[in-house]
Amino acid sequence: AVVSTQSAALEAANKEEDVEMEGAEEDVKMDDVKMDESTPEPGVDESTPEPAPVVTEEKEEEKEEEEAKEDKKGRKSKRGASKRAPAKRTSRRSRKDTEEEEKEASETKEEEKVEVVEDKEEARKEENAAVEMETAAEQENVVAKEEEKENVVAKEEEKEELKEENVVSVEKDPEEQVEKMTEDFTKVDMEEPLPDSVDALTDRQEAAVREQILLDMAPVHEQILAELEEVSCFEEGIKRPYFHVKELERIQLKNWKNYLNLIIEKKDTARTIILFERCLIACAFYEGFWIKYVGFMAEIDEEETSKIYRRACMIHLVKKPQIHLNWAAFEEKRGHLEVAREALDHIETNLAGLIAVTLRRAGLERRSGNMQQGADILKGAIDTCRGRETRDYWIMKYVAYMQFNMCDLEKTREYLKEQVERAQRNKRLYMKMLEVERCPTTVTPDVPNVIEVFQRALTSSLSVEDKAGFSHRRLTFLEEFGTDVGMIIDAYDDHNRNYKSLLEEKKRERESSSHSN
């Protein structure tokens, strides 16, 4: 564009010079004409003067006016010529500029068209290249799949050949094949006794030894394959084998539970322990799996069970009361009272104010013969508790402990009077005073007879909710008056089952009511 504008300027300058030259030529011609007019014609003698015309004043004035008019016309014509010339020049320049601009625009359009065509061709080439790459990849995948299939088929054929040659097939008379192989081995052994070193074996002896080894290991191989196939579904269901603070999905927990149940049924101790340890990596915060583990190990090794309890309670489940209570009962049953107190004190410091833990602590001291320490634990619960109902509950437990376990009615009456003076509108305190005076005995209840009554109620046709209530009362009674900690653990397990059945029944009732609505 710059070059074109420069060329246009040069052409315009040249044209101006041509116009000026033409103007100069016209001036020269005018001068020549004047000179011709001034020269005399041939044959005329300049020396002879012409007669002077008679000129009047009027004629001179007319001539002067005519000359003035001619001068004005000449000036106007010159001005018009001077004005017309640049107009013509500008019109010529504008036409040429427009023509050049049109040419440039057409050239740019053609160039853009060419560029668009080139871009389209490049895009087509790229698309074709991508399609070719995809087709090549597909072909490679097809070839790879075919090769894999061929390899699988070849491996299967090799396995079949090996089975036919070395392994006893179960389908085709295994007893005959076993007899044949043992006969060959015994023949070799009888004809050629085996040397002391392996290097001294002959080819025939080595083949016989290989056959015997394969014969012995074939059942083991089949058993391992069957076991792997049996647990493959559970192994595939394990999506998170590592530890994480995020909760596991229910499907994962159910998969671990079913997997453990299957392996426990196999009664393979080593394999079961390995699976429990694997499970507790991912399920370290789930109390149920730890309780299941210690329940399995309690029948095998008590010391290892105690270590598992300590690892669970002191590291992973510091605020789970059930496993602490189970650990305390386990150690109490073994006679390790200090470890049992350690377990209960640990959960009391991390989760204070639990009724079950306080009752178990008082019961532990009662069963170990430390009556006064048990009473102090209950009295401390009265002093530290919050709420009127909780305070009344612990007062009743302390009064019963003083009456039946410490066999001291006088202290019991005095304590009740003090509490009535503090809360004169408490109906429960008056009812308890009446009960103490109505049955002023210090004889502890007959535990077996009371448990028998509870058992009748639990095996009757009562509703699930009523059975759950009796189960809870039996558990509380054993904590207060029971002498066998194993019976308390069984009562806990039974109560958990009753409570779960109660929850399931309520869930079914809610679902049926929602469907009916």
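The structure displayed is predicted, hence computed values, not measured ones.

Conventions adopted
- Residues numbered from 1 in each chain as written.
- Predicted model: local features only at pLDDT ≥ 70, side-chain atom pairs only at ≥ 80, totals over all residues.
- Heavy atoms only, no water.
- pLDDT = per-residue confidence, 0-100.
- Helix = DSSP H or I, 4+ residues; strand = E, 2+ residues; numbered from the N terminus.
- Contact = heavy atoms within 4.5 Å.
- Buried < 20%, exposed > 50% of the residue type's maximum accessible area, 1.4 Å probe, protein only.
- Salt bridge = Lys/Arg side-chain N within 4 Å of Asp/Glu carboxyl O.
- Axes fitted to C-alpha atoms, helices over the stretch in contact; angles between N-to-C directions.
- Parallel < 35°, antiparallel > 145°, perpendicular 65-115°, else oblique.
- Left-handed = near helix turned anticlockwise from the far one by under 90°.

It is worth spelling out the confidence of the model for the protein at this point. Looking at the protein as a whole, its pLDDT mean stands at 79, while 77% of the residues score no less than 70. Element-level mean pLDDT values for the protein span from 51 in helix 3 (residues 174-191) up to 95 in helix 8 (residues 302-316). Every residue in residues 81-90 scores below 50 in pLDDT, and together they form 2 contacts with partners more than four places removed in sequence or on other chains. Low pLDDT, under 50, characterises residues 166-172; the predicted model gives this stretch 13 contacts beyond four residues in sequence or across chains.

Below, the discussion takes up unusual backbone geometry. Although it is not a glycine, Lys267 adopts a positive phi angle of roughly 60°. Relative to the helices and strands, Lys267 resides in the loop between helix 5 (250-266) and helix 6 (269-282). The exposure class assigned to Lys267 is exposed, which follows from its relative accessible area of 74%.

Another aspect to go through is the pattern of salt bridges. Pairing is possible between side chains that carry opposite charge, provided their charged atoms lie close to one another. A complete count under the given rule lists 20 salt bridges for this structure. Close ionic contact of Arg361 with Asp345 constitutes a salt bridge, the shortest N to O distance being 3.7 Å. Linking Arg361 in helix 11 (residues 355-367) with Asp345 in helix 10 (residues 337-350), this pair joins segments that are 16 residues apart in sequence. Here Asp345 falls in the partly exposed class, since its relative accessible area comes to 38%. Glu435 serves as the salt-bridge partner of Lys432, at 4.0 Å between the closest nitrogen and oxygen. Linking Lys432 with Glu435, this pair stays in helix 15 (residues 427-438), spanning 3 residues, or about one helical turn. Lys432 gets classed as buried once you look at its relative accessible area, which sits at 11%.

The N-to-C vectors of helix 9 (residues 321-334) and helix 18 (residues 485-516) enclose an angle of 155°; their axes lie 9 Å apart at closest approach. Comparing the axis directions of helix 9 and helix 18 gives the class roughly antiparallel. For the pair helix 9 and helix 18, the sense of crossing is left-handed. The residues of helix 18 that touch helix 9, namely those facing Gln322, Leu325, Ala329, Glu332 and Lys333, are Val485, Ile489 and Tyr492.

A few words now on helix 7 (residues 287-297). Regarding helix 7, the residues found buried are Glu287, Phe289, Trp290, Tyr293, Val294, Phe296 and Met297. Packed against the buried residues of helix 7 are helix 5, helix 6, helix 8 and helix 9.

Along the polypeptide, Val231 turns up in helix 4 (residues 203-237). Classification of Val231 by relative accessible area gives buried; the value is 7%. Remark: the alpha-carbon pair of Val231 and Leu262, spanning 31 residues in sequence, is separated by 8.7 Å. Those residues within four positions of Val231 in sequence are excluded, and the remaining contacts are Tyr259, Leu262, Ile263 and Arg271.

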